[in-house]
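Here's the letter readout for the chains.
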Amino acid sequence: MENVVIIGSGCAGWTSALYTARANLAPLLFTGAQPGGLLTTTSIVENYPGFPEGVDGFELMQRMQKQAERFGTKIRYERVTKVDFSSRPFKLWLDDELVETKTVIIAAGASHKHLGLENEHLLEKKGVTYCATCDGAWPMFRNQPLVVVGGGDSACEEATYLTRFGSKVYLVHRRDALRASKIMADRALSNPKIQPVWDSVVEDIFDVKQDKVTGVKLKNLKTGQTSTLDCAGVFVAIGHKPNTDIFEGQIELADDGYIVCQKGTYTSVTGVFGAGDCVDRTYRQAITAAGMGCAAAIDAERYLASL
Ligand code: NAP
C-alpha cells in the first residue's frame, strides 16, 4: 500500500512530490495525460521567482520533475480513471489496475474551456486551437490573419506570440476592457500587429466544407450587429475548467467543479488533499500552485504522523 498518491504533474503535483519524497514517504505520482500540465504548453514564464531572465514553461516543469525524482518520487505516466474514497485505504484505478493508499493529493489541474460552437469542435486542429505555443508555427497560420478569443493573460500572451507568424492578430473580447494584468495587456495593445475587437463574441467559425478555418462570424454585444472576419486560425483562450470529473460524488466540489478545501488543503474527506488549479479559482499562478502543493504535502505528512 502507498503512503501518498499524487494525481497530477503540474507545479502543485511536483512540489507536493518533492516535499513528501523528502519526508521519506516515497510518493507515487500519476502524471495524467499531459505530463507537466498546462505550463508545458506556455512560452516563457516571466513571473516565477528565481528566474530573472524568465524560463521556458516546459523546462521549468522538467526541472521540477528532476528535483522530485532526485528524492525518490515514483512516477507513472498514466491517468487515474476512477477513485473510491468512501473507505480506507483509499482506492484508485488505472482502468483495471487497483492502487491502494493511505493519503491522496489531488493536483489534477485544469483544462482549456471551449466556446461550445459546433464548428469549433469540427474544425479543431484544422485551424481552431487552444494553444498558440503548441500550434502557432503551423504553416497554415503563416502570414495570415488570425483571431484570438478572450481578454485574460492567456489571450494577451497568445496574441503577442502569434504576431511572429500571422499577418495580423485580432483580439476578440466580449467586453471593452481586458481582464489581463497590466503588463500583459499593455504589451498586447501596444503591438501594431494586434487589433482589439471589443464587446464582441465569436458566433460561428467557417468553413467546415473546406475542412479548414477561413473566417469567423462576430456579434457586437452592444449594438447587436453581426459581421464576418477572414482568418486562417482561431485561438481560444477563454479560461479553464478544473479536471475534477472523476472526483464527483467522492469529495465536495463547488458548482463550477472546483474542489472545496477547508483548513488549508483538507478536502471533505480526511486524508485526501487538494492543491493547485483544481482548487484555486482566484490566483491560478504557477507559484501559488507550487505553494499549495507544498502545503498539501505538509498536511499529508502531518496527517500520516497522526495515524
Ligand atoms: P481568465 O483570466 O479566466 O480569462 C478568461 C477570459 O476569457 C476573460 O477575459 C473572459 O472574459 C473571457 N471569457 C470567458 N468565457 C468566455 C466565453 N464563453 N466567451 C468569450 N469570452 C470568454 O483566464 P486566462 O487568461 O487563461 O488566465 C488564467 C490564469 O492564469 C489567470 O490567473 C492568469 O493571471 C494566469 N496566467 C498568467 C500568465 C502570466 O502571468 N504569464 C499567462 C497566462 C495565464 P471576461 O473578462 O469578460 O470575464
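Procedures and definitions
For every chain, the first residue of its written sequence is number 1, and the numbers climb from 1 along that sequence. The predicted nature of this model means local features are confined to residues of pLDDT at least 70 and side-chain atom pairs, given and counted, to a pLDDT of 80 or more, with totals for whole chains, interfaces and linings taken over all residues. Only hydrogens and water are set aside when side-chain values are computed; all heavy atoms of the structure are taken into account. Here, proximity means that at least one heavy atom of the residue falls within 4 Å of the molecule or strand. We define a polar contact as two N or O atoms separated by no more than 3.5 Å, with the added condition that, inside protein, one atom must be a possible hydrogen donor and the other a possible acceptor, whereas residues neighbouring each other in sequence contribute only through side-chain atom pairs. Secondary structure elements are taken from DSSP: a helix is a run of H or I of four residues or more, a strand is a run of E of two residues or more, and numbering for both begins at the N terminus. Amino acids outside the nonpolar list (Ala, Val, Leu, Ile, Met, Phe, Trp, Tyr, Cys, Pro) and the charged list (Asp, Glu, Lys, Arg) are all regarded as polar, and Gly is one of them. Source of the domain bounds: an automatic or database domain assignment. Any two residues whose heavy atoms approach within 4.5 Å at even a single point are treated as in contact. Buried area is understood as the total, over both parts, of accessible area removed when two parts are fitted together, assessed with a 1.4 Å probe. Here a salt bridge means any side-chain nitrogen of Lys or Arg lying within 4 Å of a carboxyl oxygen belonging to Asp or Glu.

### Observations regarding the site of the ligand
Reasoning step 1: In the neighbourhood of the ligand, 19 residues make up the surrounding shell, with Asn47, Asp153, Ser154, Arg175 and Arg179 lying closest.
Reasoning step 2: A distance of 3.0 Å separates an oxygen atom of the ligand from a polar side-chain atom of Arg174.
Reasoning step 3: It is helix α5 (residues 153–162) that contributes the most residues to the shell around the ligand, three residues altogether.
Reasoning step 4: Broken down by class, the residue content of the shell around the ligand amounts to four nonpolar, nine polar and six charged.
Reasoning step 5: When we break the shell around the ligand down by domain, the ones giving at least three residues each are domain 1 (2–111 + 240–306) and domain 2 (114–236).

### Topic: the domain arrangement of the protein
Reasoning step 1: Looking at the assigned domains, one finds that the protein contains domain 1 (2–111 + 240–306) and domain 2 (114–236).
Reasoning step 2: The interface of domain 1 with domain 2 comprises six residues on the first partner and six residues on the second.
Reasoning step 3: Buried surface at the junction of domain 1 and domain 2, summed over both partners, amounts to about 470 Å²; 40% is from carbon and sulfur atoms.
Reasoning step 4: Together, Thr41, Ser43 and Glu46 form the three largest contributors to the area buried by domain 1 at its contact with domain 2, with a combined 68%.
Reasoning step 5: Across the contact surface, domain 1 and domain 2 share one salt bridge.
Reasoning step 6: The partner of Glu46 in a salt bridge is Arg187, and the shortest N-O contact between them spans 3.2 Å.
Reasoning step 7: The interface formed by domain 1 and domain 2 contains two residue pairs in polar contact (both at pLDDT 80 or more).
Reasoning step 8: The residue makeup of the side of domain 1 that touches domain 2, split by class, is one nonpolar, four polar and one charged.

### Quick notes on unusual backbone geometry
Reasoning step 1: A cis geometry characterises the amide bond from Arg88 onward to Pro89, with omega recorded as -5 degrees.
Reasoning step 2: By the secondary structure assignment, Pro89 is in the loop between β6 (82–84) and β7 (90–94).
Reasoning step 3: In this structure, Asp207 follows Phe206 across a cis peptide bond, with omega equal to 10 degrees.
Reasoning step 4: One can find Asp207 in the loop between β14 (200–206) and β15 (215–220).
Reasoning step 5: The backbone of Ala26 sits at a positive phi, close to 45 degrees, despite the residue not being glycine.
Reasoning step 6: On the secondary structure map, Ala26 appears in the loop between α1 (11–22) and β2 (28–30).

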